[in-house]
Amino acid sequence: MENYPQSFSINMQPYGRNGGATTPNSPATSFGQATSFGQATSFGQTEPTPVSTPPPKDFVLWSFFNAMYCNPFCLGFLALVFSIKARDRTVAKDLMAANSYGRTARSLNIAALCLGIVATIILVVVVALLYRPVYP
């Protein structure tokens, strides 16, 4: 994230002998009204910059992968549905719902990937045991 300089505004109120904001007997300086200690008052104020939070993750690519290649019990397809809902809520600026849908999609993706890996390992073991060569 890049750091940009903070915005800076100057309060340009009139100061002087007939300028309204000063009392008639107090001297004015170019930086503001002089205080009783001889110091000038500065009118530079920094405006707070809004902190932008990153949008919630929607895991669409992972969900698409699970829906196409690793879809036990349609968990990959369900994860894709929740990912698309999360993206829609992000576009609609409903970040709480988008975060909820994103977490659900992540959980479904984890379950789909784990079940897919376990099913693939079981399939390889079963095929290896069924089609092993028999030596007399």
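Coordinates for the structure precede this section.
Residues numbered from 1 in each chain as written. Predicted model: local features only at pLDDT ≥ 70, side-chain atom pairs only at ≥ 80, totals over all residues. Heavy atoms only, no water.

So, about the side chain of aspartate 58. By the element assignment, aspartate 58 lies in the loop between β4 (44–46) and α1 (60–69). At 2.6 Å, the side chain of aspartate 58 and the side chain of arginine 87 are in polar contact. If we skip the residues at most four places from it in the chain, aspartate 58 touches Ser83, Ala86, Arg87 and Ala105. (Helix = DSSP H or I, 4+ residues; strand = E, 2+ residues; numbered from the N terminus. Polar contact = N/O pair within 3.5 Å; in protein donor to acceptor, adjacent residues only side chain to side chain. Contact = heavy atoms within 4.5 Å.)

What follows is about the pattern of salt bridges. By the definition in use, this model includes two salt bridges. Of the charged contacts in the structure, one is a salt bridge between aspartate 58 and arginine 87, with a shortest N-O distance of 2.6 Å. Pair noted here: aspartate 58 is in the loop between β4 and α1 and arginine 87 is in helix α2 (residues 75–91), with a separation of 29 residues, a long-range link. Close ionic contact of aspartate 94 with arginine 89 constitutes a salt bridge, the shortest N to O distance being 3.7 Å. Look at arginine 89 and you get partly exposed, because its relative accessible area is 31%. (Salt bridge = Lys/Arg side-chain N within 4 Å of Asp/Glu carboxyl O. Buried < 20%, exposed > 50% of the residue type's maximum accessible area, 1.4 Å probe, protein only.)

This part takes up the packing of α1 against helix α3 (residues 95–130). Packing of α1 against α3 brings their axes to within 10 Å, and their N-to-C directions diverge by 35°. As α1 runs across α3, the sense of the crossing is left-handed. Listed contacts from α3 to Trp62, Ser63, Phe65 and Asn66 of α1 are Arg106, Asn109, Ile110, Ala112 and Leu113. In terms of residue class, the contact of α1 with α3 is made up of five nonpolar, three polar and one charged. (Axes fitted to C-alpha atoms, helices over the stretch in contact; angles between N-to-C directions. Left-handed = near helix turned anticlockwise from the far one by under 90°. Nonpolar A, V, L, I, M, F, W, Y, C, P; charged D, E, K, R; others polar.)

Scope: geometric values only; no functional claims are made or implied.
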